Amino acid sequence: MEIRESDDFDAAGQALARAFHDDPVIGWLLPGNRGAAGMFATLARHTHAITETALSGGGAVAGVALWDPPGHRPDDEAAIPGLVAAMGDRVHQGLLLEGEFARHKPGGPYWYLAQLGTVPELQGTGVGGALMRAGLARCAGLPVYLESSKESNVPFYERFGFVVTERFTLPDGPPVWGMLRPPQS
């Protein structure tokens, strides 16, 4: 399996939509997963700094991780048309989600793992772990923060040194687990 940075945002969006097909937060955000591929592609293209893909032996996208370095600022203006096209009247829900996530993020400089997903047929085969190791390799010396949208994924992140810092609930929505990995040298 090859891990590399990618600018094929549409393929990344399709893979993340498949990976998050049963995710409680995505279900709250986009009922029926409608528009998820376009939303994820737009987030990869304009909102997050690094799109990293795991490629299967045949070259298909097996998994995706979206990362932001400390101090990263998304290009919200450029993202708006793609988000509106993908999410329609659910954009307000996306703004609510981002506001809730922002309220719970740590202070100080940290790396942010925005999304990590493996396509369903390859879940449990090491794709997520390979993406996590590749991403964490660049984060030495700084903490790393993420939100887990499924309690069942918390142990996966704990294996990489993340600890739950809080559990919060989205307005009229599912719970989310904020997780922080202390600085590693």
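Structure: see above.
Reference entry: report on the structure contained in this document. Being a predicted model, the structure only gives us computed values, none of them experimental.

So, how was this worked out
For every chain, the first residue of the written sequence is number 1, and numbering continues from 1 onward in sequence order. Local features are withheld for residues below a pLDDT of 70 in this predicted model, meaning they are given only at 70 or higher, and side-chain atom pairs are given and counted only at 80 or more; totals for whole chains, interfaces and linings count all residues. Excluding hydrogens and water, the side-chain values take into account all heavy atoms of the structure. For Phe, Tyr and Trp, where Trp contributes only its six-membered ring, two rings pair if their centres lie within 6.5 Å, and the inter-plane angle classes them as stacked under 30 degrees, edge-to-face over 60, or tilted in between. Put simply, DSSP marks the helices as runs of H or I at least four residues long and the strands as runs of E at least two long, and each gets a number from the N terminus on. For every residue, the accessible area (1.4 Å probe, protein chains only) is compared with the maximum for its type, and the residue is labelled buried under 20%, exposed over 50%, or partly exposed between those bounds. Only heavy atoms matter for contacts: two residues are in contact if any of them lie within 4.5 Å across the pair. In this scheme, strands are said to pair when DSSP sees at least two bridges between them. All axes here are fitted lines through C-alpha atoms, helices being fitted over the stretch that makes contact, and every angle between N-to-C directions spans 0 to 180 degrees. The cut-offs work like this: below 35 degrees is roughly parallel, past 145 is roughly antiparallel, 65 to 115 is roughly perpendicular, and the gaps in between are oblique. For this scheme, ten residues count as nonpolar: Ala, Val, Leu, Ile, Met, Phe, Trp, Tyr, Cys and Pro. Four count as charged, namely Asp, Glu, Lys and Arg, and the remainder, Gly too, count as polar. N or O atoms within 3.5 Å of each other form a polar contact, as long as, within protein, one can give a hydrogen and the other can take it, and as long as residues adjacent in sequence are counted only when both atoms are side-chain atoms.

## Looking at the packing of aromatic side chains
The final tally for this structure, using the stated rule, is eight aromatic pairs. On the basis of an interplanar angle of 75° and a centroid distance of 6.2 Å, the ring pair of tyrosine 110 and tyrosine 145 is categorised as edge-to-face. Taken as a pair, tyrosine 110 in the loop between helix H5 (91-104) and strand S4 (111-118) and tyrosine 145 in strand S5 (residues 144-148) lie far apart in primary sequence, 35 residues in all. There is no split in this pair, since tyrosine 110 and tyrosine 145 are both buried.

## Re the environment of phenylalanine 9
Counting through the fold element by element, phenylalanine 9 comes out in helix H1 (residues 9-19). Separated by 49 residues in sequence, phenylalanine 9 and glycine 58 have C-alpha atoms that sit 19 Å apart. Discounting chain neighbours no more than four positions away, the residues touching phenylalanine 9 are Ala41, Ala44, Arg45 and Thr51.

## Regarding the sheet that holds strand S3 (residues 61-68)
Within the open sheet, the seven strands sit side by side as S1-S2-S3-S4-S5-S7-S6. Their pairing is mixed. Unpaired on one side and paired on the other, strand S1 (2-5) and strand S6 (163-169) mark the two borders of the sheet. Sheet twist, expressed as the average angle between the axes of neighbouring strands with direction ignored, equals 25°. Here strand S2 (residues 50-55) runs beside S3; their pairing, made up of six bridges, is antiparallel.

## Some thoughts on the packing of helix H3 (residues 36-47) against helix H4 (residues 76-87)
Across the interface, H3 lies against H4 with an axial gap of 8 Å and an inter-helix angle of 175°. The pairing of H3 with H4 is recorded here as roughly antiparallel in orientation. Seen from H3, the contacting residues are Gly38, Met39, Thr42, Leu43, His46 and Thr47; seen from H4, they are Ala78, Ala79, Gly82, Leu83, Ala86 and Met87. Of the residues assigned to the contact of H3 with H4, the class counts are seven nonpolar, five polar and no charged.

## Things to note about the side chain of serine 148
Note that serine 148 resides in strand S5. Residue serine 148 is classed as buried on the basis of its relative accessible area, which comes to 1%. Only 2.9 Å separates the side chain of serine 148 from the backbone oxygen of lysine 150, close enough to count as a polar contact. Among all residues touching serine 148, those that are not within four sequence positions of it are Asn153, Val154, Tyr157, Val176, Trp177 and Met179.

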